[in-house]
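Results of the structural survey
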Amino acid sequence: METQFTPWASLLGGMMIGLSAVIFMAFTGRIAGISGIVSRLLPPDGSTGTGLPFVMGLLVAAPLYFILTGAFPVQAVSGNSVLLVIAGLLVGFGATHGNGCTSGHGVCGISRLSTRSMVATITFMAAAAITVFAMRHGLGA
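Cut-off values and rules
Residues numbered from 1 in each chain as written. Predicted model: local features only at pLDDT ≥ 70, side-chain atom pairs only at ≥ 80, totals over all residues. Heavy atoms only, no water. Helix = DSSP H or I, 4+ residues; strand = E, 2+ residues; numbered from the N terminus. Contact = heavy atoms within 4.5 Å. Patch = residues over 30% accessible without salt bridge, like charges linked within 9 Å, V, L, I, M, F, W, Y side chains within 5 Å. Areas by Shrake-Rupley, 256 points an atom, 1.4 Å probe, with all protein chains shown as cover. Salt bridge = Lys/Arg side-chain N within 4 Å of Asp/Glu carboxyl O. Buried < 20%, exposed > 50% of the residue type's maximum accessible area, 1.4 Å probe, protein only.

So, the environment of S47
Tracing the chain through its elements places S47 in the loop between α2 (34-41) and α3 (51-69). For the pair S47 and M135, spaced 88 residues apart in sequence, the C-alpha separation works out to 39 Å. In contact with S47, other than residues within four places in its own chain, are R40 and L41.

A look at a nonpolar patch on the surface
A cluster of nonpolar side chains, L52, M56, L59, V60, L64, F66, I67, L68 and F72, forms an exposed patch at the surface whose accessible area comes to about 910 Å². Within the secondary structure, L59 is located in helix α3.

Notes on unusual backbone geometry
Despite not being glycine, N99 shows a phi value in the positive range, around 55°. For N99, the position within the fold is in the loop between α4 (81-97) and α5 (102-111). According to the relative accessible area criterion, N99 is exposed, its value standing at 54%. One non-glycine residue, L113, lies in the positive phi region at around 60°. Residue position: L113 is located in the loop between α5 and α6 (115-138). By relative accessible area, L113 is classed as exposed at 65%.

Here you go:
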């Protein structure tokens, strides 16, 4: 699988992610970590508060992109259901035991110069690089 080099779109996307994290922190005083936001929407907490509009914004992004451009964003997702379930469980395990996810640690934690977030980000980025290498060169997926 070949990936496209899109520096301008990536820069714009990164700026929008950073801006949304700053706005979320300014209005709620909370870190824009998706796993924490979603977990607070689910039982036993079940509070909608500011998390629901944030998650709804994530869900509306692709349809809005379609309305504006006439095409859905291109996504490459494995058709292997077992692989997707295992990957989802591993991400959930990592986010739970790492006390946060890529958005909480990688975007918000590093910007706050959190040592714990820097270690977590280095760990999940190294795991991602090893996984991509193994999938592309070892397992051929």
